[in-house]
Amino acid sequence: MATDGPMATPTETQFLTLTQWLSPAYPVGSFAYSHGLEAAAGQGWVTDAPSLEAWLEGVMWHGAGRSDTLILAAAWRAKTADMIAEIDEIARAFAASKERLLETTQQGASFALITSGIWGGDLSGLTYPVALGAASSRNGLPLALTQTMYLQAFLSNLVAAGQRLLPVGQTAGQAMLRRLSLTLPDLAQETAHGDLDHLGATAFLSDIAAMKHETQYSRIFRS
């Protein structure tokens, strides 16, 4: 397993590996999911750049951003396959809706397929943050860097989704991405212990939006 600590300095190879894994070009299909944002826009809960930024801040700090990176850390720290399987069961149970479960399982399956084919190891059947955490640990990648880059990739995808749904320009989108990204190392640090006794979320409207999306008639995203 990898080792990590406050003084751990990532190597260039570690940076490049995580950049590849969490790039939009890595075939996990994250672009197909809005994480309920499409329903929120349809309901008028998110209407412009300021409301989108507030929504995304809530998702990151009080919703799936926090819970997923905590689950990722737990998987990274897991010492056995049985522990990883148990963490994955918790991750599935914590999905707030059918589409949220689809989002994490299908991205996990896609990540596992390509990553195992190139780097080796069996990641099959795992949700996305569990598969990423396990793969990162097996390949000696630092936890803090993995968490932060995972959060930034998740956030970046939601900003892009918001720009497809709302009148948010490229400059405004990149400005909010920068502002919100600057807080992600703190979120990673707060969840680095991987203690799932701290698992919880209070982004209730985001969860409701994900549920509403399941019956939304016209849509361009899968969640």
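Residues numbered from 1 in each chain as written. Predicted model: local features only at pLDDT ≥ 70, side-chain atom pairs only at ≥ 80, totals over all residues. Heavy atoms only, no water.

With an unreviewed UniProt entry as reference, the protein is termed Urease accessory protein UreF, source organism Aliiroseovarius pelagivivens. UniProt, in its Subcellular location (unreviewed entry) section for the protein, records the words "Cytoplasm". Recorded in UniProt under Subunit (unreviewed entry), the annotation for the protein is "UreD, UreF and UreG form a complex that acts as a GTP-hydrolysis-dependent molecular chaperone, activating the urease apoprotein by helping to assemble the nickel containing metallocenter of UreC. The UreE protein probably delivers the nickel." (UniProt positions renumbered as here; feature names shortened; annotations may be inferred.)

Participant: I'd like to hear about helix α5 (residues 81–94), residue by residue, with values.
Facilitator: Between the first and last C-alpha of α5 there are 20 Å, a value that for 14 residues agrees with the 20 Å anticipated at 1.5 Å per step. Buried within α5 are the following residues: Ile84, Ile87, Asp88 and Ala91. Viewed along the axis of α5, the buried residues span an arc of 105 degrees, placing them on a single side of the element. Turned more than 90 degrees from where α5 packs its buried face, Asp82, Glu86, Glu89 and Ala93 sit exposed. Considering only its buried residues, α5 is in contact with α4 (64–77) and α7 (128–138). (Helix = DSSP H or I, 4+ residues; strand = E, 2+ residues; numbered from the N terminus. Expected span 1.5 Å × (residues − 1). Buried < 20%, exposed > 50% of the residue type's maximum accessible area, 1.4 Å probe, protein only. Arc of directions from axis to C-beta. Contact = heavy atoms within 4.5 Å.)

Participant: Please set out the nonpolar core residue by residue, giving values where relevant.
Facilitator: The tendency in soluble globular proteins is for nonpolar side chains to be buried as a group. With 34 residues, the main nonpolar core has Trp21, Leu22, Phe111 and Val130 as its most contacted residues. For this core, the secondary-structure elements that each account for two or more residues are α1 (12–21), α4, α5, α6 (98–119), α7 and α8 (143–165). For this core, the leading source of residues is α4, giving 7 residues. In this view, Phe111 contacts Trp21, Tyr26, Val28, Leu123, Tyr128, Ala131, Leu132 and Ala135; residues no more than four positions away in its chain are not counted. Leu52, Val59, Leu151 and Leu158 belong to the second-largest nonpolar core, a separate cluster that totals 28 residues. (Core = buried A, V, L, I, M, F, W, Y, C linked by side-chain atoms within 4.5 Å.)

Participant: Which residues make up the packing of helix α3 (residues 49–62) against α8, and what values go with them?
Facilitator: It is at 11 Å that the axes of α3 and α8 come closest, and there the two elements cross at 150 degrees. When the axes of α3 and α8 are compared, the pair comes out roughly antiparallel. Once α3 is placed against α8, the crossing between them reads as right-handed. Residues Leu52, Leu56, Val59 and Met60 of α3 lie in contact with α8, whose contacting residues are Leu151, Phe154, Leu155, Leu158, Val159 and Gly162. Taken together, the residues of the contact of α3 with α8 break down into 9 nonpolar, 1 polar and no charged. (Axes fitted to C-alpha atoms, helices over the stretch in contact; angles between N-to-C directions. Parallel < 35°, antiparallel > 145°, perpendicular 65-115°, else oblique. Left-handed = near helix turned anticlockwise from the far one by under 90°. Nonpolar A, V, L, I, M, F, W, Y, C, P; charged D, E, K, R; others polar.)

Participant: Got a sec to walk through the environment of Trp45? Specific residues and values, please.
Facilitator: Within the secondary structure, Trp45 sits in the loop between α2 (37–43) and α3. The class for Trp45 is partly exposed, based on a relative accessible area of 29%. Through-space distance from the C-alpha of Trp45 to that of Ala209 is 9.2 Å; in sequence the pair is 164 residues apart. Every residue in contact with Trp45, bar those within four places of it in the chain, is listed here: Ala40, Trp55, Leu205, Ile208, Ala209 and Lys212.

Participant: Quick rundown of the packing of α3 against α4? Include the residues and the values.
Facilitator: The interhelical angle for the contact between α3 and α4, taken along N-to-C directions, is 30 degrees, at an axis separation of 3 Å. Classed by the angle they form, the pair α3 and α4 counts as roughly parallel. Facing Val59, Met60 and Trp61 of α3, the residues of α4 in contact are Ala64, Gly65 and Arg66.

Participant: Describe in detail a nonpolar patch on the surface, supporting the description with residues and values.
Facilitator: Where nonpolar side chains cluster on the molecular surface, the patch consists of Phe204, Leu205 and Ile208 and spans about 280 Å² of accessible area. Judged by relative accessible area, Phe204 falls into the exposed class, the value being 53%. (Patch = residues over 30% accessible without salt bridge, like charges linked within 9 Å, V, L, I, M, F, W, Y side chains within 5 Å. Areas by Shrake-Rupley, 256 points an atom, 1.4 Å probe, with all protein chains shown as cover. Salt bridge = Lys/Arg side-chain N within 4 Å of Asp/Glu carboxyl O.)

Participant: An account of α3 is requested, with residue identities and associated values reported.
Facilitator: Residues that lie three or four places apart on an α-helix share one face, since the helix turns once every 3.6 residues. Compared with an ideal rise of 1.5 Å per residue, which puts 14 residues at 20 Å, α3 spans 19 Å between its outermost C-alpha atoms and is within 8% of the ideal. In terms of burial, α3 is largely enclosed, as 10 of its 14 residues are buried. Those residues of α3 not exposed but buried are Ala49, Ser51, Leu52, Glu53, Trp55, Leu56, Gly58, Val59, Met60 and Trp61. Where α3 is buried, its residues contact α2, α4, α8, α9 (170–181), α10 (184–191) and α11 (204–213).

Participant: Tell me about the packing of aromatic side chains, residues and numbers included.
Facilitator: The full count for this structure, using the stated rule, is 5 aromatic pairs. For the ring pair Trp21 and Trp119, a centre distance of 5.4 Å and an interplane angle of 85 degrees mean the geometry is edge-to-face. Linking Trp21 in helix α1 with Trp119 in helix α6, this pair joins segments that are 98 residues apart in sequence. Connected via pairs of aromatic rings, a cluster forms that spans Trp21, Tyr26, Phe111, Trp119, Tyr128 and Tyr150. (Phe/Tyr/Trp six-rings, centres within 6.5 Å; stacked < 30°, edge-to-face > 60°.)

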